[in-house]
Amino acid sequence: MSTLKDVAKKAGLSVTQVSRALNNHSDVSARTREHVHAVARALGYQPNISARKLVSGRSGMVGLVVPWSPDLSSDGLFMEVVAGLSTHFSAREMQFVLHIAQKGEPILPVYRRLIGNGALDGFVLVDPEDGDERAAFLTELDVPFVVHGRIGENPEHPYFDIDNEGIFYELTDHLLSLGHRRIALLNGVEGRTYVGARRRGYMRALAGAGGGADKAITRNSEMTEAFGLVSTVDLFSPGGDTPTAIICGNVRIAKGVYQALQALGLTIPDDVSVVAHDDRLANLQTAAFYPALSVTDAPLRDSWKPLAGCLADAIAGAPLPKLQLIGSHQTLFRQSTAVPRS
């Protein structure tokens, strides 16, 4: 088995330099870190966690804590999150640990227990909520963490996010430019930070076109195919809000909307225009929808590498401005949108 000395000899560096590079210290250049990690992988070097913690005060282990759910094992999106994070932490010679709380167990005591035994150096937080208690708890204890999203108007924590407000402003503005004025938004669960940002973008666009809260048609729930289907049937029921266009929080919702409109005998885009935000989820190809779905596109898989990098750098003590990243997106307007019927 290769040792730290073997890695240092092969890399042409001192043992101290190699140790600091493997532990991702901020005073080691990115080029040197990449070189050392590459040599370590080539030699099959596996650091001893106990020795690493004794020398650096860090275990090289990070975690994701999630509440218990009966659907976790069958949730393809959740499995994509876990696989993506694990892959990119592994590439940094860090170990990624998934911890699922017991059924009904409060989440903060889980964090307290994991922090108390000193096994984990930091955490990834997903699905952040307004005033998220996890972030407040970890901040108070000065424990490194990174959020997939942003908490508050002026976040003081590391994060990787997309411009949810800007994206949903763009989708709404596109429909408004076509002449739509009754536009429905099928959004995620109330209280989640990205859901609020998306609503703000939608409302800002409506207000800019002379509308506002009185013109808003919104529904909130878990972003599933069933939610899209049921919400659309409700919107077009007698006495319903009857929009001429629908914005979907993700492609799963859009699939349900398509099914409902077909069952109702309504056509896309002649009767109703439909757009969605696409996280590029497996088995949902928006270009294969009929008609092809107009989307803003920001693959969820592009989140895992920057999240791993942000947490590794936060643990190494990097300054906050370098730990707050916004990902890009592209817009693909296809055949699912058109001017409304007169």
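Conventions used here
Residues numbered from 1 in each chain as written. Predicted model: local features only at pLDDT ≥ 70, side-chain atom pairs only at ≥ 80, totals over all residues. Heavy atoms only, no water. Axes fitted to C-alpha atoms, helices over the stretch in contact; angles between N-to-C directions. Helix = DSSP H or I, 4+ residues; strand = E, 2+ residues; numbered from the N terminus. Parallel < 35°, antiparallel > 145°, perpendicular 65-115°, else oblique. Left-handed = near helix turned anticlockwise from the far one by under 90°. Contact = heavy atoms within 4.5 Å. Nonpolar A, V, L, I, M, F, W, Y, C, P; charged D, E, K, R; others polar. Pairing = 2+ DSSP bridges. Phe/Tyr/Trp six-rings, centres within 6.5 Å; stacked < 30°, edge-to-face > 60°. Buried < 20%, exposed > 50% of the residue type's maximum accessible area, 1.4 Å probe, protein only. Lys NZ or Arg CZ within 6 Å of the ring centre and 35° of its normal. Polar contact = N/O pair within 3.5 Å; in protein donor to acceptor, adjacent residues only side chain to side chain. Expected span 1.5 Å × (residues − 1). Arc of directions from axis to C-beta. Right-handed = clockwise from strand over helix to strand, strands pointing away. Domains from an automatic or database assignment. Buried area = accessible area lost by both parts, 1.4 Å probe. Salt bridge = Lys/Arg side-chain N within 4 Å of Asp/Glu carboxyl O.

1. Structural notes on the packing of helix α6 (residues 107–116) against helix α7 (residues 133–140)
The axes of two packed helices give the description: the angle between them and the distance between them.
Stage number 1. Relative orientation of the contacting elements α6 and α7 amounts to 30 degrees, with a least axis distance of 10 Å. As judged from the angle between their axes, α6 and α7 are roughly parallel. Handedness of the α6/α7 crossing: right-handed. On α7, the residues that touch Ile107, Leu108, Tyr111, Arg112 and Ile115 of α6 are Glu133, Arg134, Phe137 and Leu138.
Stage number 2. Here the residues of the contact of α6 with α7 are counted per class, giving six nonpolar, no polar and three charged.

2. A look at the sheet that holds strand β4 (residues 145–148)
Strands pair in a sheet through their backbones, by hydrogen bonds, and they do so in one of two ways: parallel or antiparallel.
Stage number 1. Pairing is parallel in the open sheet, where six strands are placed in the order β2-β1-β3-β4-β5-β11. Each end of this open sheet is capped by a strand with a single partner; those strands are β2 (95–100) and β11 (324–327). Geometrically, the sheet is characterised by an average inter-axis angle of 20 degrees between neighbouring strands, direction not taken into account.
Stage number 2. Note that strand β3 (residues 122–125) and β4 share three bridges and pair parallel. Its bridge partner being in β4, Phe123 is matched across the sheet by Phe145.
Stage number 3. Against the sheet, helix α5 (residues 76–91) engages β1 (61–66), β2 and β3, with an angle of about 150 degrees to β2.

3. A closer look at the sheet that holds strand β10 (residues 294–297)
Stage number 1. Reading across the sheet, the six strands line up as β7-β6-β8-β9-β10-β12 and stay open at both edges, with mixed pairing between neighbours. In the strand order of this sheet, the two ends are held by β7 (217–220) and β12 (330–332), each with one partner. Neighbour to neighbour, the strand axes of the sheet diverge by 15 degrees on average, direction disregarded.
Stage number 2. Along the sheet face, helix α10 (residues 225–235) touches β6 (183–187), β7 and β8 (245–248) and points at about 150 degrees away from the line of β6.
Stage number 3. Sheet strands in contact with helix α11 (residues 251–263) are β6, β8 and β9 (273–278), and its direction is about 160 degrees off that of β9.

4. Structural notes on the packing of aromatic side chains
Stage number 1. Counted under the stated rule, the structure contains three aromatic pairs.
Stage number 2. Look at Tyr111 and Phe123: their rings are 5.0 Å apart centre to centre, the planes differ by 70 degrees, and that puts the pair in the edge-to-face class. Here Tyr111 is found in helix α6, whereas its partner Phe123 is found in strand β3, with twelve residues between them in sequence.
Stage number 3. Judged by relative accessible area, which is 0%, Phe123 ranks as buried.
Stage number 4. Measuring from ring centre to ring centre gives 5.1 Å for Tyr258 and Phe289, while their planes differ by 80 degrees; the resulting arrangement is edge-to-face. Note that Tyr258 is positioned in helix α11 and Phe289 in the loop between β9 and β10, a separation of 31 residues in sequence. The burial state of Tyr258 is the same as that of Phe289; both residues are buried.
Stage number 5. Lying over the aromatic face of Tyr169, Arg204 brings its terminal NZ or CZ to 4.3 Å of the ring centre.

5. Some words on the side chain of Thr337
Stage number 1. Summarising the element assignment, Thr337 is placed in the segment after β12.
Stage number 2. A distance of 3.4 Å separates the side chain of Thr337 from the side chain of His174, its partner in a polar contact.
Stage number 3. Discounting residues that sit within four places of it in the chain, Thr337 has contacts with His174, Leu175, Leu178, Pro269, Ser273, Val274, Val275 and Ser294.

6. Quick look at helix α3 (residues 30–43)
Because the α-helix completes a turn every 3.6 residues, residues three or four places apart line up on one side.
Stage number 1. Given a rise of 1.5 Å per residue, 14 residues ought to cover 20 Å, and the 20 Å separating the end C-alpha atoms of α3 matches this to within 8%.
Stage number 2. Looking at α3, one finds that the buried residues are Arg33, Val36, His37, Val39 and Ala40. Buried residues of α3 fall within an arc of 160 degrees about the axis and therefore sit on the same side. Opposite the buried face of α3, by more than 90 degrees, sit the exposed residues Arg31, Glu34 and Ala42.
Stage number 3. On its buried side, α3 packs onto α1 (4–11), α2 (15–22) and α12 (304–315).

7. Concerning the pairing of β6
Stage number 1. By the criterion of burial, β6 is predominantly enclosed, with five of the five residues buried.
Stage number 2. Two elements, β6 and β7, share four bridges in a ladder whose sense is parallel. Note on β7: the bridge partner recorded for Asn187 is Asn220.
Stage number 3. Handedness of the crossover is the feature at issue here: the chain leaves β6, passes through helix α9 (residues 193–208), returns alongside β7, and the resulting connection is right-handed.

8. Here we look at the domain arrangement of the chain
Stage number 1. Along its sequence, the chain is carved into domain 1 (4–47), domain 2 (61–162 + 301–327) and domain 3 (164–299).
Stage number 2. Using C-alpha coordinates to define each centre, domain 1 is positioned 26 Å away from domain 2.
Stage number 3. Taken together, the seven residues of domain 1 in the interface contact seven residues of domain 2.
Stage number 4. Between domain 1 and domain 2 the total buried area reaches about 610 Å² when both faces are included, carbon and sulfur atoms providing 40% of it.
Stage number 5. Area buried by domain 1 at its contact with domain 2 is led by Asn24, Ser26 and Arg41, which between them contribute 57% of it.
Stage number 6. Remark: the boundary between domain 1 and domain 2 carries one salt bridge.
Stage number 7. The partner of Arg41 in a salt bridge is Glu93, with the nearest N and O atoms 3.9 Å apart.
Stage number 8. Taken together, domain 1 and domain 2 are joined by one residue pair in polar contact (both at pLDDT 80 or more).
Stage number 9. Of the residues assigned to the side of domain 1 that touches domain 2, the class counts are one nonpolar, four polar and two charged.

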